[in-house]
Amino acid sequence: MKFTHGSTDTTTMVASLTRPTAGRLAGGALLLALAAALVALAVCLGGTVRAPVAAAGTAVVVAAAVALLALRHGHHSERYLAAATLWGLGAAAAGLLPTQQVGPLPVAQLAFAIGELGALAVLLQLLVHARAGSDDPPLVVDALMLGSALATAGWDAFARTGHAGTAGWTAGTVVVLAVASLVACAAIALAVEQPRLRIAATALTVNGAGSALAAVCFHHSSAVACVAAVVAAAGGVVGFLALPRDGVVRHGGQAAERAARRLETASLVPGPILLADLVLLVLSPRADPVLYGMYVSVLVTFTVRHAATARSIDRTTAHLKFAALHDALTGLGNRTLLERVLTGPDHEQSLVLVELVGLDDVNDVLGVPAGDAVIAAAADAVRTVAGELGGSAYRTGGNQIAVVLPGDPARCLHQARSLLAAIATAPGRVEGAGRFPLTAVAGLTTCPVVATGDVMTPFVQADIALRDARHLGGGSVSVYSGTVAAEHARRSLLRDRLATAVRDGLVDVHYQPIVNFATGRVDKFEALARWDDPVLGRIPPVEFVAVAEESNLVVALGEHVLRSAVRWAHEAGVFSVGVGLAVNVSVVQLQSPGFADTVRELLAQHRIAPHLLTLELTESVFLGEDSPAERVVTELAGLGCRIAIDDFGTGYSAFGYLGRLPVHVLKIDRSLTQSLTEDVNGQSVVTCVVDLANRLGLTVVVEGVETAQQAAICRFISAPLGQGWLYSPAVPRELLGEQLARTYPVPELLGAPDGERELTAN
């Protein structure tokens, strides 16, 4: 762990002769003047001065002045210098006034105690910051515990060695021992928490111990006191120079765990010290009320420490409990908490399972952090609305939120729609996400008052209703019922049967001809999947394809259809006569690894000219620029395959990508084809699309051609190809030869009078 000031490592303090500011010049000058005054006072007092002690204090004041003027400063530097100056003045006062008293208290002891207060304040502040925001017990409590034990043992040791005096001396000694012990133990606790500060902590420990020894021995052993004062001064100077200028940085992660273990080990030290002192007291008892009082202080500090530990454990437990029952991103309850809520409710309530729709666009364009911010905003909106309705919200999945509301589903249906409306406002709360619409769907069910079976049954039912709502579109709410359950059971059975059918190759391929309006000949076939299940009967493609997309079977299904369609068309001689084949490809297939390699393999295996294979895609593939699917499309076009846009005229229908992407064919959706004979505007739209496609060099295929009149209009507006029941439905592979040999009727073009063209057909 490094302590930084800007970009400079300040674990150790490096002197740099910087240009002093006016404030520092004034402060340094003041301290130098103060040191000079102390020297002058010592000269005046003459023999009554304890010269080494006074000199040590004065030297520390001078050192503080020099440091103020010459050393690089950080946020805490002035505090350190102030603490050092206070110690120096205390030591100087003790040396200059060795026999004076303040009331009953000797000046020497009082001065040393006051001098240590600066160091104590600095260390306590560092200790507090070292555990700021942590659930661990404050380091100050550990320092108090260690300090009380050390002061008690120190008093007993001094008393047994014959150091005794008046009541004032005793009181002064107790004060000095208490303050000095706290300084030493605070320094030790700081070194245990921050091993990089061992040098500074050791020096300050020496300072505290030396100050205590100097104060206690000041009258009885003046030589010892003088040496102790000099050692204390040296320790203080080194300690303050080695402390980080910008304070300490709180540990986190494994470093914090290691520090906590070290501190627990260090906390075992007071026990043996006190035990040895108690054994000594038993072997050599003496009546000492001060010692007994200090033992009481030890018991108090130990009690405070254990209370702080218990409180820390309670806080940690509460945080762990909250984390175990709540979602970290949104702060909502999680699925475990929801399960508790659903266990034995005492009143009727309903469960709404909401799923966010539209997050993929946010994640793809703005990134996952923005998507998470939108989820958090949506969760906050749901929490607010649910709270107003007397309910509670829970996050049960990546984009799912469950809400428990009071009342039956009939009452909660309108409230569920309010939740969806609130979610729609979430992107507006996140910078840059407002342009992405966010919708939601919801499943609603009742929670029985008397729980039967699994308590999560309502959740399962709400999930079934949610799946039904997905089919209804964004903003829909579906209520769980017998019909919904039956449809879900059918989808589940269909999913299982489809997996078996895909695995065993039981999904068939039929071929619908795409006819040239001008010649009546088949230009290509579109391969369409067909499935007749022995149990469920004939399943419409729109149904089993949707199930395949929901159950991740669409890649396997698509590959089976592609391989089967190409193989059977090759065997029927479709490619050998120059007729093409069109196969639908989903976005998921394009994004699956190796799809382009599969196409390349099929072309090589059956020796097919690439331009005879058309891959039909939906417009959604091209919505995101430089998407993985778009890159695969470009690669396939590079092989020579033709790329078609299916169902053009629905959904986004943007022309912007047609100029930048390798698109060859536009397939006009059947809804526009129907408008050719029903709506004049519809004719204009189709005419514009065909004209634009022709100008861009694209081939147009008109889907859903069912009448001769529609075919005539298509030919008149220069649409080259048509597909629909007017010509043929999709036929099994056995009839491919018949379709290849067939020529369909060609519609005639008739001119209208007055320069207007009227379109009819035979």
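The helix and strand inventory of the protein chain stands at 26 helices and 18 strands. When each of the 762 residues of the protein chain is scored for burial, the buried share is 48%. Contacts spanning at least 24 positions in sequence make up 72% of the contacts within the protein chain whose residues lie at least 6 apart. Carbon together with sulfur atoms contributes 61% to the accessible area of the protein chain, which is approximately 34,200 Å² in total.

Counting across every chain of the model gives 18 salt bridges. Two residues, Arg 383 and Asp 380, come together in a salt bridge whose shortest N-O distance is 3.1 Å. Residue Arg 383 and its partner Asp 380 are both found in helix H14 (residues 368–388); the two are separated by three residues, about one turn of the helix. On the basis of relative accessible area, Arg 383 is assigned to the partly exposed category, the value being 33%. For Asp 380, a relative accessible area of 34% corresponds to the partly exposed category. Arg 600 is paired through a salt bridge with Glu 635; the nearest N and O atoms lie 3.2 Å apart. Separated by 35 residues along the polypeptide, Arg 600 in helix H21 (residues 595–606) and Glu 635 in helix H22 (residues 628–639) bring together distant segments of the chain.

Bringing helix H17 (residues 482–504) into the picture now. Between its first and last C-alpha atoms H17 spans 33 Å; for 23 residues at 1.5 Å apiece the expected length is 33 Å, and the two agree. Looking at the buried positions of H17, the neighbouring elements they touch are helix H16 (457–472), strand S9 (477–479), strand S11 (522–533), strand S12 (537–539), helix H18 (541–550) and helix H19 (554–571). In the segment just after H17, Gly 505 is the residue with positive phi, at about 70 degrees.

The subject of this paragraph is the packing of aromatic side chains. The full count for this structure, using the stated rule, is seven aromatic pairs. Centre to centre, the rings of Tyr 511 and Phe 525 are 6.4 Å apart; their planes meet at 85 degrees, and the pair counts as edge-to-face. Residue Tyr 511 is found in strand S10 (residues 508–516), and its partner Phe 525 is found in strand S11; the two are separated by 14 residues along the sequence. Comparing Tyr 511 with Phe 525, the two get one shared label, buried.

Let's shift gears to the sheet that holds strand S7 (residues 400–406). As summarised here, the arrangement of the five strands in space is S6-S7-S5-S8-S9, forming an open sheet in which the pairing is mixed. Where the open sheet ends on each side, the last strands, each with one partner, are strand S6 (392–395) and S9. Neighbour to neighbour, the strand axes of the sheet diverge by 20 degrees on average, direction disregarded. Looking at chain direction, strand S8 (residues 439–447) and S9 are connected through three bridges and run parallel. Each bridged residue has a counterpart across the sheet, and for Gly 443 the counterpart in S9 is Ser 478.

Residues Tyr 511, Phe 525, Leu 581, Leu 590 and Leu 636 are the most contacted members of the largest nonpolar core, which totals 78 residues. Listed in part, the 63 residues of the second largest apolar core include Leu 126, Ala 149, Phe 218 and Val 248.

The packing of two helices is summarised by the inter-axis angle and the distance between the axes. One way to put it is that helix H2 (residues 51–70) packs onto helix H3 (residues 77–96) with a least axis distance of 7 Å and a crossing angle of 155 degrees. Taken together, H2 and H3 sit at an angle that is classed as roughly antiparallel. Here H2 and H3 pass one another in a crossing that is left-handed. Residue-level inspection shows Val 53, Ala 54, Ala 56, Gly 57, Thr 58, Val 60, Val 61, Ala 64, Ala 67 and Leu 68 of H2 in contact with H3, the latter providing Leu 81, Ala 84, Thr 85, Trp 87, Gly 88, Leu 89, Ala 91, Ala 92, Ala 94, Gly 95 and Leu 96. By residue class, the composition of the contact of H2 with H3 is 16 nonpolar, five polar and no charged.

When pLDDT is averaged across the protein chain, the result is 83; 88% of the residues are at 70 or more. Of the regions scoring below 50 in pLDDT, residues 1–17 engages in 42 contacts with residues more than four places distant in sequence or in other chains. A low-confidence stretch, residues 752–762 stays under pLDDT 50, and its non-local contacts, those more than four residues away or across chains, total 18 contacts.

With a phi angle near 55 degrees, Arg 607 is a residue other than glycine that sits in the positive phi range. Note that Arg 607 resides in the loop between H21 and strand S14 (613–617). Of note in this structure, Asp 647 is not a glycine but carries a positive phi near 55 degrees. Mapped onto the fold, Asp 647 is located in strand S15 (residues 642–648). Given a relative accessible area of 29%, Asp 647 falls into the partly exposed group.

Another aspect to go through is the packing of helix H1 (residues 22–45) against H2. Their axes nearest at 8 Å, the elements H1 and H2 cross at an angle of 165 degrees. By the angle between their directions, the pair H1 and H2 is classed as roughly antiparallel. Crossing hand, H1 versus H2: left-handed. Within the contact between the two elements, H1 uses Arg 24, Leu 25, Gly 27, Gly 28, Leu 31, Leu 32, Ala 35, Leu 38 and Val 39 and H2 uses Thr 58, Val 61, Val 62, Ala 64, Ala 65, Leu 68, Leu 69 and Ala 70. Of the residues assigned to the contact of H1 with H2, the class counts are 13 nonpolar, three polar and one charged.

The subject of this paragraph is helix H8 (residues 222–242). Given a rise of 1.5 Å per residue, 21 residues ought to cover 30 Å, and the 30 Å separating the end C-alpha atoms of H8 matches this to within 8%. Every buried residue belonging to H8 is among Ala 225, Cys 226, Ala 228, Ala 229, Ala 232, Ala 233, Gly 235, Gly 236, Gly 239, Phe 240 and Ala 242, and all of these are buried. Buried-residue contacts for H8 involve H2, H3, helix H4 (107–130) and helix H7 (198–216).

Topologically, Thr 396 is positioned in the loop between S6 and S7. If we skip the residues at most four places from it in the chain, Thr 396 touches Leu 338, Leu 353, Ile 401, Ala 402 and Phe 459.

Let us now look at a nonpolar patch on the surface. Residues Leu 32, Val 62 and Val 66 make up a contiguous nonpolar surface patch of roughly 210 Å² in combined accessible area. Among the secondary structure elements, Leu 32 is positioned in helix H1.

Take the pairing of S15 next. The buried fraction of S15 amounts to five of the seven residues, a majority that puts the element mostly inside the structure. Across four bridges, S14 lies against S15 in parallel orientation. Bridge pairing in S15 links Leu 615 to Ile 643. The pairing of S15 with strand S16 (residues 665–668) spans three bridges and is parallel. Counted as the bridge partner of Ile 645 is Leu 666 from S16.

A few words now on the environment of Ala 644. For Ala 644, the position within the fold is in strand S15. In this structure the C-alpha to C-alpha distance between Ala 644 and Leu 615, which are 29 residues apart in sequence, comes to 6.0 Å. Those residues within four positions of Ala 644 in sequence are excluded, and the remaining contacts are Thr 614, Leu 615, Glu 616, Leu 617 and Val 665.

Tracing the backbone through its elements, the reader meets Phe 112 in helix H4. Overall, the relative accessible area of 1% leaves Phe 112 in the buried class. As for Phe 112 and Ala 94, which are separated by 18 residues in sequence, their C-alpha atoms are 7.0 Å apart. If we ignore the near neighbours within four places in the chain, the residues touching Phe 112 are Val 53, Trp 87, Ala 91, Ala 94, Ser 211, Ala 214, Ala 215, Phe 218 and Ala 229.

What follows is about the pairing of S14. Among the five residues in S14, five count as buried, and that is most of the element. Burial along S14 is two-sided: the residues Leu 613, Leu 615 and Leu 617 and Thr 614 and Glu 616 are all buried.

What follows concerns the state of the cysteines. Tallied over the full model, the rule gives zero disulfides. Distance from the sulfur of Cys 412, which forms no disulfide, to the nearest cysteine sulfur (Cys 447) is 9.1 Å. On the basis of relative accessible area, Cys 412 is assigned to the buried category, the value being 0%.

Basis of the calculations
Residues numbered from 1 in each chain as written. Predicted model: local features only at pLDDT ≥ 70, side-chain atom pairs only at ≥ 80, totals over all residues. Heavy atoms only, no water. Helix = DSSP H or I, 4+ residues; strand = E, 2+ residues; numbered from the N terminus. Buried < 20%, exposed > 50% of the residue type's maximum accessible area, 1.4 Å probe, protein only. Contact = heavy atoms within 4.5 Å. Areas by Shrake-Rupley, 256 points an atom, 1.4 Å probe, with all protein chains shown as cover. Salt bridge = Lys/Arg side-chain N within 4 Å of Asp/Glu carboxyl O. Expected span 1.5 Å × (residues − 1). Phe/Tyr/Trp six-rings, centres within 6.5 Å; stacked < 30°, edge-to-face > 60°. Pairing = 2+ DSSP bridges. Axes fitted to C-alpha atoms, helices over the stretch in contact; angles between N-to-C directions. Core = buried A, V, L, I, M, F, W, Y, C linked by side-chain atoms within 4.5 Å. Parallel < 35°, antiparallel > 145°, perpendicular 65-115°, else oblique. Left-handed = near helix turned anticlockwise from the far one by under 90°. Nonpolar A, V, L, I, M, F, W, Y, C, P; charged D, E, K, R; others polar. pLDDT = per-residue confidence, 0-100. Patch = residues over 30% accessible without salt bridge, like charges linked within 9 Å, V, L, I, M, F, W, Y side chains within 5 Å. Disulfide = S-S within 2.5 Å.

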